Amino acid sequence: MSEQRKATDTLLVNSFIDGVLDPAKEMLGPVKDGGHIIANTAPGCWGPMITPCIRGGHEVTKPVFVEGAEPGDAIVIKIHSINVTSLATSSGNDAPVEGRFLGDPFVAVKCPECGTMYPDTIIEGIGQEAIRCANCHADVTPFVFTNGYTISFSEHGDVGVTVSKEAAETIARDGKAYMKTPENSIQNPIVTFAPHDLVGVVARMRPFLGQLGTTPSRPIPDSHNAGDFGSFLVGAPHDYVVTQDELDEHRTDGHMDISRVRAGATIICPVKVPGGGVYLGDMHAMQGDGEIAGHTADVAGIVHLQVHVIKKANLAGPVLLPNEEDLPYTAKPFTKEELASAKALAAQWNIEQLEQSLPVSIIGTGSNLNLATDNGLQRAADLFGVTVPEIMNRTTITGSIEIGRHPGVVTITFLAPEHYLEKAGLLHEVRRQYKKY
């Protein structure tokens, strides 16, 4: 077992799951409380989506056991760096192909000819018919593009440019080399499809992790470890079926697709199994709020994390501490000048003491954005022991609600009183993030 091995200060991670986060499987590590995780991550979304033997829609790292983490604790994950290694990738809006899956094309792919579930595949040529069943050679991809592009990245890591049909086909013929797919990854490179509907589009790069979190307390396909995609499992006709109550109890919302989960940010995650099981992946080269196309530019990359355990935090879901520049204007820490103005105004009304507050973002997820917002508001109220209407007021005048992923991931961001944060056991981490000691 992971907890019986000697904990290390630094753990190198270069192995991946089969798409299912399973708490019964042995974890990597352990890594020490305060230790470092350095991972070579595989692209998420499209590559795993066209690799039927991957049963979760993504290909995230094997979870890491963190020394001392027990259910009811929280693990603080500081993102020190994220570096893209892929030279190019392909992405775009998807359409499922009927007859090639059982209920869910992300999770339960079935060969339309020989009937094999989760079939192994081979690549024959390039294009959207290149992924073939290893058993009968039938076209077996469960997804195709409705509008897609191939994008190449600058060696400076600042921009990408979408390429022509000719260039896309050149990249497709040597897909793993261009995508820098890690050697232990089994996914088919999505550049094999050579999409080229957009040509000459320039996009700014700002890499982040679409998947970063802790292991759920029952087996859940990795891309479905959230309230929106997880809703596809409720009543599903395959092996990973759950009830809504089971989903709510066991998920940890590690699949967020929030563009603010980038270098410099901190994410505080609930622990639901011994050791926590920190996993990561689904690195994106860039994305606007909402990931409205359903997918963005999935890339391989190198990530450096540092982990720390908070005992008895009892979080219902993740708490994000974004970089200060990523905070809504209304949720940024106050400057000395603003505080001086506030004190002068308070004195006019005989208010003796002003709140001392700091920013916090509570993650909410649900099958749609309204339910995700309700979930986040309730989580924030429960965390601080106050009412939902109070959180709504604070979010309205000292924060904002922002979309992580459409259809159902949001952040409830506001300035929280320091005594609220202290009672919740988060004050030290929030002060450290925003350099207020």
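An account of the accompanying structure is given in this report. Keep in mind it's a predicted model, so treat the numbers as computed, not measured. (Residues numbered from 1 in each chain as written. Predicted model: local features only at pLDDT ≥ 70, side-chain atom pairs only at ≥ 80, totals over all residues. Heavy atoms only, no water.)

1. Quick word on the packing of helix α6 (residues 369-384) against helix α7 (residues 388-398)
Two numbers describe how α6 lies on α7: the axes approach to 8 Å, and their chain directions differ by 110°. On the basis of the axis angle, α6 is roughly perpendicular to α7. For the pair α6 and α7, the contacting residues are L377, Q378, A380 and A381 in the first and V388, I391 and M392 in the second. In terms of residue class, the contact of α6 with α7 is made up of 6 nonpolar, 1 polar and no charged. (Axes fitted to C-alpha atoms, helices over the stretch in contact; angles between N-to-C directions. Helix = DSSP H or I, 4+ residues; strand = E, 2+ residues; numbered from the N terminus. Parallel < 35°, antiparallel > 145°, perpendicular 65-115°, else oblique. Contact = heavy atoms within 4.5 Å. Nonpolar A, V, L, I, M, F, W, Y, C, P; charged D, E, K, R; others polar.)

2. With respect to the sheet that holds strand β11 (residues 202-204)
Adjacent strands of a sheet pair through backbone hydrogen bonds, lying either parallel or antiparallel. Spatially, the 4 strands line up as an open sheet ordered β6-β9-β10-β11, and their pairing is antiparallel. Looking at the sheet topology across the chains shown, the edges are occupied by β6 (88-96) and β11. Each strand axis lies, on average, 30° off the axis of its neighbour in the sheet, ignoring direction. By the bridge criterion, 9 bridges tie β6 to strand β9 (residues 143-153) in an arrangement that is antiparallel. Among the inter-strand pairings, A88 is bridged to a residue of β9, identified as S152. (Pairing = 2+ DSSP bridges.)

3. Quick word on the pattern of salt bridges
On inspection of all chains with the given rule, the structure shows 22 salt bridges. Across the pair K165 and E169 runs a salt bridge, and its minimum N-O distance is 2.9 Å. One end of the pair, K165, and the other, E169, are both in helix α2 (residues 165-172), 4 residues apart, so they sit about a helical turn from each other. Two residues, R432 and E429, come together in a salt bridge whose shortest N-O distance is 2.6 Å. Here E429 and R432 lie together in helix α9 (residues 427-433), a separation of 3 residues that amounts to about one turn. (Salt bridge = Lys/Arg side-chain N within 4 Å of Asp/Glu carboxyl O.)

4. Digging into the pairing of strand β16 (residues 301-310)
As paired elements, strand β3 (residues 28-41) and β16 share 6 bridges and run antiparallel to each other. Among the inter-strand pairings, A39 is bridged to a residue of β16, identified as V303. Strand direction decides the pairing type here: strand β5 (residues 74-84) and β16, joined by 10 bridges, are antiparallel. Its bridge partner lying in β16, I79 is registered against L305.

5. Looking at α2
For α2, every residue scored as buried is listed here: A168, I171 and A172. Viewed along the axis of α2, the buried residues span an arc of 100°, placing them on a single side of the element. Buried residues belonging to α2 abut β6, β9 and α3 (175-179). (Buried < 20%, exposed > 50% of the residue type's maximum accessible area, 1.4 Å probe, protein only. Arc of directions from axis to C-beta.)

6. With respect to the environment of Q356
Its location among the elements puts Q356 in the loop between α5 (336-348) and β18 (357-365). Judged by its relative accessible area of 42%, Q356 falls in the partly exposed class. Along the sequence, Q356 and E418 sit 62 residues apart, while their C-alpha atoms lie 5.7 Å from each other. Discounting residues that sit within four places of it in the chain, Q356 has contacts with A416, P417, E418 and K436.

7. Concerning α7
The set of residues buried in α7 consists of I391, R394, T395 and T398. The buried residues of α7 occupy an angular sector of 100° when the element is viewed end-on, so they sit on one face. More than 90 degrees from the buried face of α7, the exposed residues found are P389, N393, T396 and I397.

8. Describing the packing of aromatic side chains
Scanning the entire structure with this criterion turns up 8 aromatic pairs. Here W46 and F145 contribute two aromatic rings whose centre-to-centre distance is 4.1 Å and whose plane-to-plane angle is 35°, an arrangement assigned as tilted. Here W46, found in helix α1 (residues 46-49), pairs with F145, found in strand β9; they are 99 residues apart in sequence, far enough to count as distant. Relative accessible area serves as the criterion here: at 0%, W46 is assigned to the buried category. Look at F145 and you get buried, because its relative accessible area is 10%. Pairing F106 with F143 gives two aromatic rings, centres 4.8 Å apart and planes at 50°, and the pair type is tilted. Here F143 lies in strand β9 and F106 lies in the loop between β6 and β7 (121-123), a separation of 37 residues in the sequence. Given a relative accessible area of 12%, F106 falls into the buried group. Residue classification places F143 among the buried residues on the basis of a relative accessible area of 1%. (Phe/Tyr/Trp six-rings, centres within 6.5 Å; stacked < 30°, edge-to-face > 60°.)

9. Some words on the nonpolar core
Ranked by internal contacts, the top residues of the largest apolar core, which has 40 residues, are I77 and L212. Excluding residues within four positions of it along the chain, I77 makes contact with L212, A265, T266, I267, C269, V278, L305, Q306 and V307. With 33 residues, the next largest nonpolar core counts C45, F193, F229 and V242 among its residues. (Core = buried A, V, L, I, M, F, W, Y, C linked by side-chain atoms within 4.5 Å.)

10. Quick notes on a nonpolar patch on the surface
A cluster of nonpolar side chains, contributed by L345, W349 and I351, occupies part of the molecular surface with about 370 Å² of accessible area. Mapped onto the elements, I351 comes out in the loop between α5 and β18. (Patch = residues over 30% accessible without salt bridge, like charges linked within 9 Å, V, L, I, M, F, W, Y side chains within 5 Å. Areas by Shrake-Rupley, 256 points an atom, 1.4 Å probe, with all protein chains shown as cover.)

11. Looking at the side chain of H284
Tracing the backbone through its elements, the reader meets H284 in strand β15 (residues 276-284). A relative accessible area of 0% places H284 in the buried class. Reaching out from H284, the side chain makes a polar contact with the side chain of D282 at a distance of 3.0 Å. In this structure H284 touches R206, P207, F208, G210, D257, E291, T296, A297, D298 and V299, once residues within four positions along its chain are discounted. (Polar contact = N/O pair within 3.5 Å; in protein donor to acceptor, adjacent residues only side chain to side chain.)

12. Observations regarding the state of the cysteines
The full count for this structure, using the stated rule, is 0 disulfides. Left without a disulfide partner, C45 is nearest to the cysteine sulfur of C53, which lies 17 Å away. Accessibility expressed as a relative area gives 5% for C45, which makes it buried. Not engaged in a disulfide, the cysteine C53 finds its nearest cysteine sulfur in C133; these two sulfurs lie 11 Å apart. (Disulfide = S-S within 2.5 Å.)

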